[in-house]
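# Residue-level structural notes
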Amino acid sequence: MKFLRAYDIDIIKLKDGKHTFRFEVKDEFFRFFEAEDWINGSKVIVKVALNKSGSVIEADFLFEGTVKLTCDRSLEEFDYPLDFKEKIIYKYGPLEQEITEDIFMVTKDTSSINVAQLIYEFILLAIPAKKIHPDYMDEMDDEEFEDEGALVYLSEENEQDELEAKDENPEAPIDPRWEILNKLKKKD
């Protein structure tokens, strides 16, 4: 766990006010988290601006740099730029726990907070699900994304029922909830 200590921030020694910390995220960072299969290299600088007060610590993360990804279409490696901000709040309380995804509780006796896991998760969330090399972005068809989110699979029974319903009464709505709404609309 010696590697993780490089991402510790000693909060117990900090006086109230603003403090800035700088972390470098390189290849060994992703090797530690066993993510080198899909992140082939990185040069990311993370600046953490802490604002400590008597009851809360606000941590603003600024990410700048690149991660090397493999294109899903061409299998070519490319540098994906990262430039984004995130915010985490640490509140003082009786025990250490995660309250929400961006609010953590720490005790007054907590000597340090480790930001390695947060940095890793923020970078993961910033990487697109579909990794396309910038040279191929222009070649992407709008038709590929036209049906995104549409129903992909219908069982034969459902498909046959829909076809029969359309044949019997072409103007009848498929969903019975629409019939109720249409009745209410006709009363007006």
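Residues numbered from 1 in each chain as written. Predicted model: local features only at pLDDT ≥ 70, side-chain atom pairs only at ≥ 80, totals over all residues. Heavy atoms only, no water.

Okay, helix 6 (residues 176-187) next. The end-to-end C-alpha distance of helix 6, which contains 12 residues, comes to 17 Å, matching closely the 16 Å that a straight helix rising 1.5 Å per residue would cover. Little of helix 6 sits inside the fold, with 0 of its 12 residues counted as buried. (Helix = DSSP H or I, 4+ residues; strand = E, 2+ residues; numbered from the N terminus. Expected span 1.5 Å × (residues − 1). Buried < 20%, exposed > 50% of the residue type's maximum accessible area, 1.4 Å probe, protein only.)

Before going further, it helps to spend a moment on the nonpolar core. Within the largest apolar cluster, 40 residues are counted, with the highest numbers of intra-cluster contacts made by Phe 61, Tyr 90, Ile 119 and Ile 123. Each residue touching Phe 61, except ones within four places of it in the same chain, is listed here: Val 46, Lys 47, Val 48, Phe 84, Lys 85, Glu 86, Ile 88, Val 115, Leu 118, Ile 119 and Phe 122. (Core = buried A, V, L, I, M, F, W, Y, C linked by side-chain atoms within 4.5 Å. Contact = heavy atoms within 4.5 Å.)

A few words now on the sheet that holds strand 7 (residues 103-106). On the basis of which strands lie adjacent, the open sheet formed by 6 strands has the order 2-3-4-5-7-6 and mixed pairing. Taken across any chain shown, the strands that pair with only one partner, and hence form the sheet edges, are strand 2 (17-25) and strand 6 (97-100). Neighbour-to-neighbour, the strand axes of the sheet open up by a mean angle of 25 degrees, direction not taken into account. With 9 bridges connecting them, strand 2 and strand 3 (residues 41-52) associate as antiparallel partners. Counted as the bridge partner of Thr 20 is Ala 49 from strand 3. Contacts from helix 3 (residues 116-126) reach strand 2, strand 3, strand 4 (56-70), strand 5 (77-92) and strand 7 within the one sheet, and its direction differs from that of strand 5 by about 130 degrees. (Pairing = 2+ DSSP bridges. Axes fitted to C-alpha atoms, helices over the stretch in contact; angles between N-to-C directions.)

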